[in-house]
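# Architecture at a glance
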Amino acid sequence: MVQKRPLLSGLADPTSQRNDECRSCRRRFRHVKSAPVTEFVASDFSGNGPIPRYESIFGGLHQSLKQVAVFLAVYLGLGTVCFYAVRDDIKGKKSNPIVDSLYFCIVTMTTVGYGDLVPDSAPVKLLACVFVFTGMLLIGLILSKAADYLVEKQEILLIKALHIHQKLDSAAFLKEIETNKVKYKSYLAIIILSVLMLVGTIFLSMVEDLDIIDAFYCVCSTITTLGYGDKSFSTGYGRMFAVFWILTGTIGLGLLFLYIAELFTENRQRALANWVLTRRMTNLDLEAADMDDDGVVGAAEFVIYKLKEMGKISQEDIALVMKEFEDLDADESGTLTASDIMAQTTQTHS
């Protein structure tokens, strides 16, 4: 019977055999298989091939997008009906009652609060309080689900456009996305926000009859939810436009701040990883990496030690994984075989 050896055990074979096994081990670790996470359409990305499909990512997000759309529709529908019912208790400059009710709902939800329409009775003030908190929760949900989904869809097109003169295969395309994902998201968020600000400024200037400076001032105070109130949407057509523009503008700015913070965090993590991978190993490092205290550091031990240094995993993560390994290792041989998995399956069904 062939004796099994633990994954993290040292190598006690002769030098030639050890060298052969080390080369085999290096190849095995470099090409380790994992659960499938991404499905690609084989093509080149010179501009003629199809865009890759991200089934596992977009499939889940697509369902979340539907849920967010339902929540948003229910919130806006219920808010419009409620504020329309109490429209006489809302004072300010009014246009169309239904448009005003929807506009007031959006302004409340995004916490812009111009002050051009305000509650004028105790019940309506309490109603506004309820809608502002539920609206903020919904905005957070949109930021984490729907908006991120839409930006990622455009991210693929942006990467393809930036590399239009380069021939990238599917593997290179995936590497480009994974390496600079947050950076491309930040670029897209800046582009989207800039377009929204430009459109808003032009619209306010042409429809609301504001000069360029006041229009830009109103745009900035709106998307930052500052809402001074001295400049706002006052016409019926303006408020119909504001219903969509305010929601997308405030979410766009929130996304930009989120991606910038994520980009700084990612850069710090990359700097740490680069320091860990480039610094020279010492005897203290060797002792720390020797998990089974046999005086030899195997490939698995080295990988785990480096991942811990990078902050990718913690000792608690390792303990949980090792606990699962020990539970699966039915014959306590230090390795997993098909018989161990079958024994676990039999034990589960019994």
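Parameters at a glance
- Residues numbered from 1 in each chain as written.
- Predicted model: local features only at pLDDT ≥ 70, side-chain atom pairs only at ≥ 80, totals over all residues.
- Heavy atoms only, no water.
- Helix = DSSP H or I, 4+ residues; strand = E, 2+ residues; numbered from the N terminus.
- Buried < 20%, exposed > 50% of the residue type's maximum accessible area, 1.4 Å probe, protein only.
- Contact = heavy atoms within 4.5 Å.
- Axes fitted to C-alpha atoms, helices over the stretch in contact; angles between N-to-C directions.
- Parallel < 35°, antiparallel > 145°, perpendicular 65-115°, else oblique.
- Left-handed = near helix turned anticlockwise from the far one by under 90°.
- Nonpolar A, V, L, I, M, F, W, Y, C, P; charged D, E, K, R; others polar.
- UniProt positions renumbered as here; feature names shortened; annotations may be inferred.
- Expected span 1.5 Å × (residues − 1).
- Polar contact = N/O pair within 3.5 Å; in protein donor to acceptor, adjacent residues only side chain to side chain.
- Bend = angle between axes of the 7 residues up to and from the residue.
- Salt bridge = Lys/Arg side-chain N within 4 Å of Asp/Glu carboxyl O.

## A closer look at the overall build of the chain
Tallying secondary structure elements over the chain gives 12 helices and 2 strands in all. The order of helices and strands in the chain, counted from the N terminus, is α-α-β-α-β-α-α-α-α-α-α-α-α-α. Counting the 350 residues in the chain, one finds 35% classified as buried. A sequence separation of at least 24 residues applies to 67% of the contacts in the chain between residues at least 6 apart.

## Details of the packing of helix α8 (residues 236–278) against helix α10 (residues 299–310)
The N-to-C vectors of α8 and α10 enclose an angle of 140°; their axes lie 9 Å apart at closest approach. Between α8 and α10, the angle is such that the two are oblique. Between α8 and α10 the crossing geometry is right-handed. Along the contact surface, α8 presents L272, A273, V276 and L277, while α10 presents K306, E309 and M310. Tallied by class, the residues present in the contact of α8 with α10 amount to 5 nonpolar, no polar and 2 charged.

## Examining the UniProt feature "transmembrane region" (unreviewed entry) in the chain
Residues annotated in UniProt with the feature "transmembrane region" (unreviewed entry) correspond here to residues 68–86, 98–118, 124–143, 187–206 and 241–261. Taken as a whole, residues 241–261 contains 100% helix and 0% strand, while its terminal C-alpha atoms sit 30 Å from one another.

## Topic: the packing of helix α3 (residues 97–109) against α8
Direction vectors running N to C along α3 and α8 enclose 30°, while the axes themselves pass 9 Å from each other. With respect to each other, α3 and α8 are oriented roughly parallel. Here α3 and α8 pass one another in a crossing that is left-handed. Only G236, R239, M240, A242, V243, I246 and L247 of α8 make contact with α3, whose side of the interface consists of V99, D100, L102, Y103, I106, V107 and M109.

## Let's talk about helix α7 (residues 212–223)
Between its terminal C-alpha atoms α7 stretches 17 Å, which fits the 16 Å expected from 12 residues at 1.5 Å a residue. Residues of α7 that are buried include every one of A215, C218, V219, S221, T222 and I223, and no others. Between the side-chain oxygen of the N-cap and the backbone nitrogen of I213 there are 3.1 Å, and the N-cap of α7 in question is D211. Directly beyond the C-terminal end of α7, a positive phi value near 60° is found at T225.

## Concerning α8
With 43 residues, α8 should cover 63 Å at 1.5 Å per step; its first-to-last C-alpha distance of 63 Å lies within 8% of that length. When the local axis directions of α8 are compared, the greatest deviation, roughly 35°, occurs at A242. By the N-cap criterion, in which a side-chain oxygen at the helix start approaches the backbone nitrogen of a residue two or three places on, α8 is capped by T235, the distance to G238 being 3.0 Å.

## Quick look at the pattern of salt bridges
Summed over all chains, the structure comprises 8 salt bridges. Note that D100 is salt-bridged to R239, the shortest N-O span being 2.8 Å. Here the residue D100 occupies a position in helix α3, and R239 occupies one in helix α8, the gap between them amounting to 139 residues. For the pair D100 and R239, a shared accessibility class is recorded, and that class is buried. Salt-bridge contacts for R279 lead to E309; the nearest nitrogen and oxygen are separated by 2.4 Å. Of this pair, R279 sits in the loop between α8 and α9 (283–289) while E309 sits in helix α10; the two residues are 30 residues apart in sequence, bridging distant segments of the chain. The exposure class assigned to E309 is partly exposed, which follows from its relative accessible area of 21%. When salt bridges with common partners are traced through the structure, they connect R279, D285, K306 and E309 into a single cluster.

## Notes on unusual backbone geometry
Backbone geometry places D209, a non-glycine residue, at a positive phi of 60°. Note that D209 resides in the loop between α6 (170–206) and α7. Since its relative accessible area comes to 67%, D209 is described here as exposed. With a phi close to 60°, T225 is a non-glycine residue in the positive phi region. Looking at where T225 falls in the secondary structure, it is placed in the loop between α7 and α8.

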